[in-house]
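Letter by letter, the chains look like this.
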Amino acid sequence: MKSFLSHIKQHFGHGSYEGDEYGGAAGHDGSGLPTNLPGNFMFATGIECSYPTIANGTIRRDLLAETDHYNRYQEDLALVRELGLKVLRYNLPYYLIHKAPGQFDWEFADKAMAEIRRLGITPILDLMHFGVPDWVGNFQNPELPVHFAEYCGAVARRYPWVRFYTPVNEIYVTARASAKDGIWNEQLKDDRAFITAMKHITAASIMGNQQIAKHRPDCVIVQSESAEYIHEMRAVQSPEIRLQNKLRFLSLDLLYAHTIDSEVLLYCLDNGLTRDELEWFMAGEPPGYQIMGNDYYGRNERIIKPDGNWCAAEDVLGWYTMTKQYYERYRKPVMHTETNTFNAKDAECWLWKQWVNVQRIRQDGVPVVGFTWYSLLDQLDWDISLAEKRLSVNPCGLYDLDRKIRPVGESYKMMIREFGQITMVPHGEMFELTGRPATLKVEK
């Protein structure tokens, strides 16, 4: 009697059955997905692009310039493909492009975007990254939402093939560093200035999102935001730290029209948020498909000792627990949008620990659609939050500034080879996501 394999070969061909489309278990990764089909889970990196001003507005930090990306953009974009990646968090420098109301300089943007398209990379286009054009001033300017919305609409018109956007990177960090910690831009240390910056930046994101959606109704908005927590080692928690741990949600509460905690709401109203402004934010979330991006570095999570000194908590809670808190609050699909470590020796282990977090939380039912090691290249002065222009190298990239791959880059390649076939959601291979609305044909 012939074996069943003989019948399979007789009817479907005589090639090797191991690994081909008729290979049974050999053709799957254990979750039902044939291994010869590409997945749509978004493995990504990003090119560090921050451009705040420091020294009372006299110095503009521009990491794209400081890492020589403007001159080496073709080489850098080729490295993305060399890693096996198809998705890139990429910034068009707002402060350079938007010259004045109605005036734009697209020279570099056009060249970079053409190369991204030629290479078949899917950009998640980041439109504001910690700074604004000189003529806008800073985040205390109430006209910011209007000017930024014009810019977003212009970008969406110029690059209609782009679907994925981050209108404003890390709204909470931008407002805090600029108006509460006194590091960047307006360099204020004031509660009222912080709330002013928060509402202007969040409104800019919403208005920009609306303009993008006018030109790309099926846009996907990946809102990158820092996941943070402070562990206060005191028997009785101080009101200041309790409030700060609640304020980490404020930008997303305003963005997604989520009910604000009463203590935070009173703080906002005491510091300049009006009833009319609150009602505007709470009217509903922005258009398009919303993905909640959680950025997590070990230094985001801090332990404050009884004497007031602090140390990095690393992963006491970790990305898993912190993201679960955010997910349970907002119920949005999640992307791990940034991570790295400044210690190059620890980078490979940190990469795999973050990926374990992603795998575990997916297994527990949270829809994580992407993962990002940030950034492609080493960074400069992020150990001091860009507060001074020392040009000290932070060895946290997948490649160094000579464009030589680091061990963590080789590990990321390995990860992509092993897991690159997985889908955004379990059994997502059953659905074709083309980005085009379905059409219904009616028989006459």
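Cut-off values and rules
- Residues numbered from 1 in each chain as written.
- Predicted model: local features only at pLDDT ≥ 70, side-chain atom pairs only at ≥ 80, totals over all residues.
- Heavy atoms only, no water.
- Helix = DSSP H or I, 4+ residues; strand = E, 2+ residues; numbered from the N terminus.
- Buried < 20%, exposed > 50% of the residue type's maximum accessible area, 1.4 Å probe, protein only.
- Contact = heavy atoms within 4.5 Å.
- Pairing = 2+ DSSP bridges.
- Right-handed = clockwise from strand over helix to strand, strands pointing away.
- Axes fitted to C-alpha atoms, helices over the stretch in contact; angles between N-to-C directions.
- Salt bridge = Lys/Arg side-chain N within 4 Å of Asp/Glu carboxyl O.
- Expected span 1.5 Å × (residues − 1).
- Arc of directions from axis to C-beta.
- Phe/Tyr/Trp six-rings, centres within 6.5 Å; stacked < 30°, edge-to-face > 60°.
- Core = buried A, V, L, I, M, F, W, Y, C linked by side-chain atoms within 4.5 Å.

Caption draft 1: Examining the overall build of the chain more closely. Tallying secondary structure elements over the chain gives 15 helices and 17 strands in all. Burial statistics for the chain: of 444 residues in total, 53% are counted as buried. Within the chain, residue pairs in contact and separated by at least 24 positions form 74% of the contacts whose partners lie at least 6 positions apart.

Caption draft 2: Geometry of the pairing of strand E7 (residues 122-126). When you tally the buried positions in E7, you get 4 out of 5 residues, the bulk of the element. Where strand E4 (residues 87-91) lies against E7, 5 bridges are found, and the strand directions are parallel. Note on E7: the bridge partner recorded for arginine 89 is isoleucine 124. Each parallel crossover has a hand, and for E7 linked through helix H6 (residues 144-158) to strand E8 (residues 164-166) it is right-handed.

Caption draft 3: How the structure looks around the sheet that holds strand E12 (residues 301-304). As summarised here, the arrangement of the 3 strands in space is E10-E12-E13, forming an open sheet in which the pairing is mixed. Looking at which strands have only one partner, the edges of the open sheet turn out to be strand E10 (229-232) and strand E13 (310-312). With strand direction ignored, the average angle separating the axes of adjacent strands in the sheet is 25°. Bridge count between E10 and E12: 4 bridges; the pairing is parallel. Along E12, the bridge assignment pairs glutamate 232 with isoleucine 304.

Caption draft 4: Quick peek at the pattern of salt bridges. Here the structure, examined in full by the defined rule, presents 25 salt bridges. One salt bridge connects arginine 163 with aspartate 218, and the closest N-O pair in it is separated by 3.6 Å. Of this pair, arginine 163 sits in the loop between H6 and E8 while aspartate 218 sits in the loop between helix H8 (191-215) and strand E9 (220-226); the two residues are 55 residues apart in sequence, bridging distant segments of the chain. The pair formed by arginine 163 and aspartate 218 is uniform in burial state, with each residue classed as buried. The network of salt bridges with common partners includes Arg61, Glu66, Asp381 and Lys389.

Caption draft 5: Spatial organisation of helix H5 (residues 107-118). End to end, H5 covers 17 Å across 12 residues, agreeing with the expected 16 Å (1.5 Å per residue, within 8%). Listed as buried for H5 are Phe108, Ala109, Ala112, Met113, Glu115 and Ile116. Summarising the axial view, the buried residues of H5 lie within an arc of 160°, below the 170-degree limit, and thus occupy one face. Exposed residues lying more than 90 degrees from the buried face of H5 are Glu107, Arg117 and Arg118. Elements in contact with the buried residues of H5: helix H3 (69-82), E4, helix H4 (94-97) and E7. Positioned one or two residues after H5, glycine 120 has a phi angle of 75°, which is positive.

Caption draft 6: Structural detail: the environment of valine 264. With respect to the helices and strands, valine 264 occurs in helix H11 (residues 262-270). Since its relative accessible area comes to 2%, valine 264 is described here as buried. Apart from the residues lying within four places of it in its own chain, the contact partners of valine 264 are Leu243, Lys246, Leu247 and Leu250.

Caption draft 7: Molecular detail of the packing of aromatic side chains. Scanning all chains against the criterion turns up 23 aromatic pairs. When the ring of tyrosine 94 is compared with that of tyrosine 151, the centres are 4.6 Å apart and the planes differ by 35°; the resulting orientation is tilted. Taken as a pair, tyrosine 94 in helix H4 and tyrosine 151 in helix H6 lie far apart in primary sequence, 57 residues in all. With a relative accessible area of 0%, tyrosine 94 lands in the buried category. Among the residues examined, tyrosine 151 registers a relative accessible area of 0% and is labelled buried. Each member of the aromatic cluster is reached from another via a ring pair, and the members are Phe41, Phe43, Trp355, Phe371, Tyr412 and Phe419.

Caption draft 8: Spotlight on H6. Taking 1.5 Å of rise per residue, 15 residues should cover 21 Å, and H6 covers 21 Å from first to last C-alpha, within 8% of that figure. Among the residues of H6, those classed as buried are Leu144, Pro145, His147, Phe148, Ala149, Tyr151, Cys152, Gly153, Ala154, Val155 and Ala156. Among the structural elements, H4, strand E5 (98-100), strand E6 (103-104), E7, E8 and H8 are those in contact with the buried residues of H6.

Caption draft 9: Just the sheet that holds E8, in detail. Sheet architecture is closed into a barrel: 8 strands sit in the order E1-E4-E7-E8-E9-E11-E14-E15, paired in parallel fashion. Direction aside, the axes of adjacent strands within the sheet are offset by 25° on average. In the sheet, E8 pairs with E9 via 2 bridges, with the strands oriented parallel. Within the sheet, the bridge partner assigned to phenylalanine 164 lies in E9 and is valine 220. Across the face of the sheet, helix H14 (residues 347-363) comes into contact with strand E1 (42-46), strand E14 (334-338) and strand E15 (368-374) while running at roughly 170° to E15.

Caption draft 10: Spatial organisation of the nonpolar core. Counting 106 residues, the largest nonpolar core has Phe43, Tyr90, Leu92, Phe148 and Tyr412 as its most contacted members. No other element matches the 11 residues that H8 contributes to this core. Beyond its immediate sequence surroundings of up to four residues, leucine 92 is in contact with Tyr51, Ile97, Ala109, Met113, Leu125, Asp126, Leu127, Tyr151, Val155 and Tyr159. In this structure, Met42, Ala44, Phe164 and Val369 belong to the second largest nonpolar core, which totals 11 residues.

By themselves these figures say nothing about function.
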